[in-house]
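Observations on the three-dimensional arrangement
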Amino acid sequence: MNAELDMNSAMEPISGALPRWDRNTAAAIHGMPFNDLLFRAQAVHRAYFDQNRVQLSRLLSIKTGGCPEDCGYCSQSAHYPSGLKASKLMEVGRVVAEARKAREAGATRYCMGAAWRGPKERDMDAVVAMIEGVKALGMETCMTLGMLDPGQALRLKQAGLDYYNHNVDTSERYYGEVVSTRTFADRLETLGHVREAGMKVCCGGIVGMGEQGADRIDMLITLANLPEPPESVPINMLIPIAGTPLAEAEPIDPIEFVPLVALARIMMPKSYVRLSAGRTAMSDEMQALCFFAGANSIFVGDTLLTAENPQEDRDSALFSRLGIKPVEREML
Ligand code: SAM
Ligand code: DTB
Ligand code: SF4
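Note that this is a predicted model, so its numbers are computed, not measured.

Reading the values: the criteria
Residues numbered from 1 in each chain as written. Chains lettered and ligands numbered in written order. Predicted model: local features only at pLDDT ≥ 70, side-chain atom pairs only at ≥ 80, totals over all residues. Heavy atoms only, no water. Helix = DSSP H or I, 4+ residues; strand = E, 2+ residues; numbered from the N terminus. Rg over C-alpha atoms; globule rule 2.2 N^0.38 Å. Buried < 20%, exposed > 50% of the residue type's maximum accessible area, 1.4 Å probe, protein only. Contact = heavy atoms within 4.5 Å. Lys, Arg positive; Asp, Glu negative; His and termini not counted. Charge placed at Lys NZ, Arg CZ, Asp CG, Glu CD. Pairing = 2+ DSSP bridges. Right-handed = clockwise from strand over helix to strand, strands pointing away. Near = heavy atom within 4 Å. Polar contact = N/O pair within 3.5 Å; in protein donor to acceptor, adjacent residues only side chain to side chain. Areas by Shrake-Rupley, 256 points an atom, 1.4 Å probe, with all protein chains shown as cover. Core = buried A, V, L, I, M, F, W, Y, C linked by side-chain atoms within 4.5 Å. Expected span 1.5 Å × (residues − 1). pLDDT = per-residue confidence, 0-100.

Okay, the overall build of the protein chain next. The secondary structure content of the protein chain amounts to 12 helices and 10 strands. Scaling as 2.2 N^0.38, a compact globule of 332 residues should have a C-alpha radius of gyration of about 20 Å, and the protein chain matches this with 19 Å. Taking the principal axes of the C-alpha coordinates as reference, the protein chain spans close to 55 × 40 × 40 Å. Counting all 332 residues of the protein chain, 56% fall into the buried class. Summarising the internal contacts of the protein chain: among those between residues at least 6 apart in sequence, 75% fall at separations of at least 24. Put simply, the protein chain has 34 plus and 42 minus side-chain charges, and the middle of one group is 6 Å from the middle of the other.

Across the 11 residues that make up strand 1 (residues 53-63), a large majority, 11, are buried. Where strand 1 and strand 10 (residues 325-326) come together, 2 bridges link them in parallel fashion. Note on strand 10: the bridge partner recorded for Arg53 is Lys325. As paired elements, strand 1 and strand 9 (residues 297-300) share 4 bridges and run parallel to each other. Following the sheet pairing, Arg58 is matched in strand 9 by Val300. As defined by bridge partners, strand 1 adjoins strand 2 (residues 109-114) across 6 bridges and the pair is classed as parallel. Pairing of Arg58 across the sheet is with Tyr110, part of strand 2. Taken together, strand 1, helix 4 (residues 92-104) and strand 2 constitute a β-α-β crossover, and its handedness is right-handed.

Attention now goes to the site of ligand 2. In the vicinity of ligand 2 lie 13 residues, with Asn167, Asn236, Leu305, Thr306 and Ala307 positioned nearest. Separating an oxygen atom of ligand 2 from a side-chain N or O atom of Asn236 is a distance of 2.8 Å. One nitrogen or oxygen atom from the main chain of Leu305 is found 2.9 Å from an oxygen atom belonging to ligand 2. Surface burial for ligand 2 is 86%, taken as the share of its 410 Å² of free accessible area covered by protein chains.

Here the focus is the nonpolar core. Of all hydrophobic cores here, the largest spans 91 residues; its most connected members are Leu156, Leu220 and Phe257. For this core, the leading source of residues is helix 10 (residues 254-267), giving 9 residues. In this view, Leu220 contacts Ile235, Leu260, Leu263, Ala264, Met267 and Met268; residues no more than four positions away in its chain are not counted.

A few words now on helix 4. An α-helix turns once every 3.6 residues. As a result, residues three or four positions apart point the same way. The end-to-end C-alpha distance of helix 4 is 19 Å, a good match for the 18 Å that 13 residues give at a rise of 1.5 Å each. Where helix 4 is buried, its residues touch strand 1, strand 2 and helix 5 (121-135). Where helix 4 ends, the next residue or the one after it, Gly106, has phi of about 105 degrees, a positive value.

Before going further, it helps to examine the confidence of the model for the protein chain. Summarising the model, the protein chain shows a mean pLDDT of 94, and 94% of its residues fall at 70 or more. Here residues 1-16 is modelled with pLDDT under 50, and outside its nearest four sequence neighbours on either side it reaches 28 contacts, counting other chains as well.

Take the environment of Met267 next. As for its placement among the helices and strands, Met267 is situated in helix 10. Exposure remark for Met267: the relative accessible area of 3% places this residue in the buried category. Measuring from C-alpha to C-alpha, the distance between Met267 and Leu223 comes to 9.0 Å, with 44 residues separating the pair along the chain.

Quick look at the structure:
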């Protein structure tokens, strides 16, 4: 695809197969003047989604801290002195009770995260019971438990898991600068098992980890060129965590962040693009621009897994000022 193509070709996937993306095309679109890029992203957004609806997900850390992996951004890695207290796997009843509260507050998807390299066989029964319990509330279910083997992926699918979150985090080139205990290829392998098991994929990354602009574009190319693009694409802005190697990373300029959201929307027109970690540090104006650029999902609730998220009243005030309504369960 050529960056000079008109608005119709930006919406080409309506009638045909999704285009494959290459660096030149993606970079050319990303390099368009801000107004042109946002206009194009908004046009693509309107072709596939109700532009005034944003989907709400709620996170819960079902097993916190003490993680054997060394992801340089993470409060939960046992490798760094973040000061976070580790805890055991939560009881099923508590998880379901928390999910019910989230449903009452308007969340349609419940995302459960564990600080594991991957689930152990001894944990699988409890995890399955959590999926069944949350599913019975009529919510979409999502889990992020680290690496899965094909059998584990199948078991989660059979329990009723709708989405599996597993991020590529950054470009293949930069990945080794951030994590050493697993590889980019390991991430792709798990994503393959998730797809083969028939689950929807939630996969995105983090910006603001000291990567170059080209790494951000390459990350989006990896996502868009997966055999099937992820249904859900979380774009996290690094929350710097004291004690981790990335505690002092240079924050990303909002004027550079918004075009990435626009590019994600253009490259993955049918996916929910989630404005994920880091919203506490974003102004209302920056979030409004991200919604205009095509972001149509957020995490609600005052904590993510371990870090802060905007308070519910700030989010509902922003939605009402922007005329945005939450996606309702029946619409999914
Ligand atoms: N252990 C599992 C794994 O790594 O796949 C799941 C949990 S992990 C916390 C989920 C994702 O949260 C990471 O892949 C990363 O993209 C994001 N994340 C973690 N810490 C973050 C931070 N400080 N700022 C922004 N995003 C973060
Ligand atoms: C994702 O991409 N972002 C969420 C979810 N997937 C699991 C997690 C954000 C974590 C932010 C840091 C924390 O709360 O510890
Ligand atoms: Fe562990 Fe996930 Fe944090 Fe990495 S991102 S240290 S795997 S909890």
